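Fold and geometry: a report
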Amino acid sequence: MRVVPVPVLHDNYSYLVVDETEAVAAVVDCAEVEPMLAAAQQEGVTITSVLSTHHHYDHIGGNDEIAGKIPVRIYGNADDDGRIPSLTDGVREGDTIHVGGLIARPILVPAHTSGHMAYYFEEQRSVFTGDTLFAAGCGRLFEGDPAQMMSSLAKLNALPDSTKVYCGHEYTVKNLEFAATLEPKNKAIADKLAWAGARRRDGQPTVPSTIGSERTTNPFLRTRNQELRESIQERFPDIGDDDEDIFGATRRLKDDF
Ligand code: ZN
Ligand code: FE
């Protein structure tokens, strides 16, 4: 498997997921069609499927156009039929999706939207997380609450350390700047912020991350961390010690950061 990150729109990533042996590819989140067709041509492969993580415009805006141009299966949460344009294959957690010889498993991770799916390629230790898990961040809670986002993130956090994380936006620097305000003593955050800043100045993406890296730098996987809790409790003196409240306050602070 080869994964080609394709920057689209303002700060989104679409991905071309290539099965080299069969020379076919899937697009994860088709927002714009032309850059994906160009990437496929560059790789010498045919796009045969689209995996949609969720129904927001910046993730599915190209579905109708690509379906009109080339023969593709379009996968997405069966419950989002009607919200994901040109859906041909509604899927649920537990199903398998074949991209040539590659196998993807949808993982239901609601809260940013109620039907949000991540796509896990277990054999290749790679997960596409859309707007649920970002490098050092998580999505806004448009259709869910803190408890639901915590359990969605816990599913992703259960994957092996070495799992590569391909997320839906280039938010890494801003997310790490926020993380550093909560854990100023966390060296992993400071180091990764320096690295990510240098990557962006070179015009390079900061994806993929890994689950292991997220565990040490992502405030939304670090609700149990003492320094983070104290920072939150300092800002919200009445908050108490409940994990959901700490997580919710972290999310609210990030909304305004
Ligand atoms: Zn979104
Ligand atoms: Fe998005």
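Now for a quick tour of the structure.

What counts and what doesn't
- Residues numbered from 1 in each chain as written.
- Chains lettered and ligands numbered in written order.
- Predicted model: local features only at pLDDT ≥ 70, side-chain atom pairs only at ≥ 80, totals over all residues.
- Heavy atoms only, no water.
- Pairing = 2+ DSSP bridges.
- Helix = DSSP H or I, 4+ residues; strand = E, 2+ residues; numbered from the N terminus.
- Contact = heavy atoms within 4.5 Å.
- Axes fitted to C-alpha atoms, helices over the stretch in contact; angles between N-to-C directions.
- Core = buried A, V, L, I, M, F, W, Y, C linked by side-chain atoms within 4.5 Å.
- Buried < 20%, exposed > 50% of the residue type's maximum accessible area, 1.4 Å probe, protein only.
- Expected span 1.5 Å × (residues − 1).
- Arc of directions from axis to C-beta.

The next thing to look at is the sheet that holds strand S8 (residues 102-108). Pairing is mixed across the open sheet formed by six strands, whose spatial order is S7-S8-S9-S10-S13-S14. Every other strand in the sheet has two partners, leaving strand S7 (97-99) and strand S14 (209-210) as the edge strands with one partner each. Note: strand S9 (residues 117-121) against strand S10 (residues 126-130), three bridges, orientation antiparallel. Bridge pairing in S10 links Tyr 120 to Val 127. With respect to the sheet, helix H4 (residues 146-157) is in contact with S8, S9 and S10, its orientation differing from that of S8 by roughly 155°.

What follows deals with the nonpolar core. In terms of nonpolar packing, the biggest core is built from 24 residues, with Val 127, Leu 133, Leu 153, Leu 156 and Ile 232 touching the most fellow members. Elements with a minimum of two residues in this core: S9, H4, helix H5 (172-182), helix H8 (226-235) and helix H9 (243-255). Val 17, Ala 26, Tyr 75 and Ile 97 belong to the second-largest nonpolar core, a separate cluster that totals 21 residues.

Our next topic: the sheet that holds strand S5 (residues 73-77). Here we have six strands laid out as an open sheet, ordered S1-S2-S3-S4-S5-S6, and mixed in their pairing. Lying at the two open borders of the sheet, with one neighbouring strand each, are strand S1 (2-8) and strand S6 (89-91). Ignoring strand direction, the axes of neighbouring strands in this sheet form an average angle of 25°. With three bridges connecting them, strand S4 (residues 46-51) and S5 associate as parallel partners. Residue pairing in the sheet places Leu 51 in a bridge with Tyr 75 of S5. Against the sheet, helix H1 (residues 34-43) makes contact with S1, strand S2 (12-19), strand S3 (24-28) and S4, and its axis sits at roughly 30° relative to S2, the strand it touches most.

Moving on to helix H6 (residues 187-201). In this model, H6 (15 residues) spans 21 Å end to end at C-alpha, consistent with the 21 Å of a helix rising 1.5 Å per residue. Among all positions of H6, only Ile 189, Lys 192, Ala 196 and Gly 197 are buried. Down the axis of H6, the smallest arc covering the buried residues is 140°, so these residues share one side. Across from the buried face of H6, at angles greater than 90 degrees, the exposed residues are Lys 187 and Arg 201. If you follow the buried residues of H6, they end up packed against H5, S14 and helix H7 (211-217). Positioned one or two residues after H6, Gly 203 has a phi angle of 75°, which is positive.

Geometrically, the link from Val 207 to Pro 208 is a cis peptide bond, its omega value of -5° lying close to zero. Within the fold, Pro 208 resides in the loop between H6 and S14. We note that Ala 23 has phi near 55°; this positive angle belongs to a residue other than glycine. In this fold, Ala 23 is placed in the loop between S2 and S3. At Arg 125, a position not held by glycine, the phi torsion is positive, near 50°. With respect to the helices and strands, the residue Arg 125 is situated in the loop between S9 and S10. Residue Arg 125 is classed as partly exposed on the basis of its relative accessible area of 38%.

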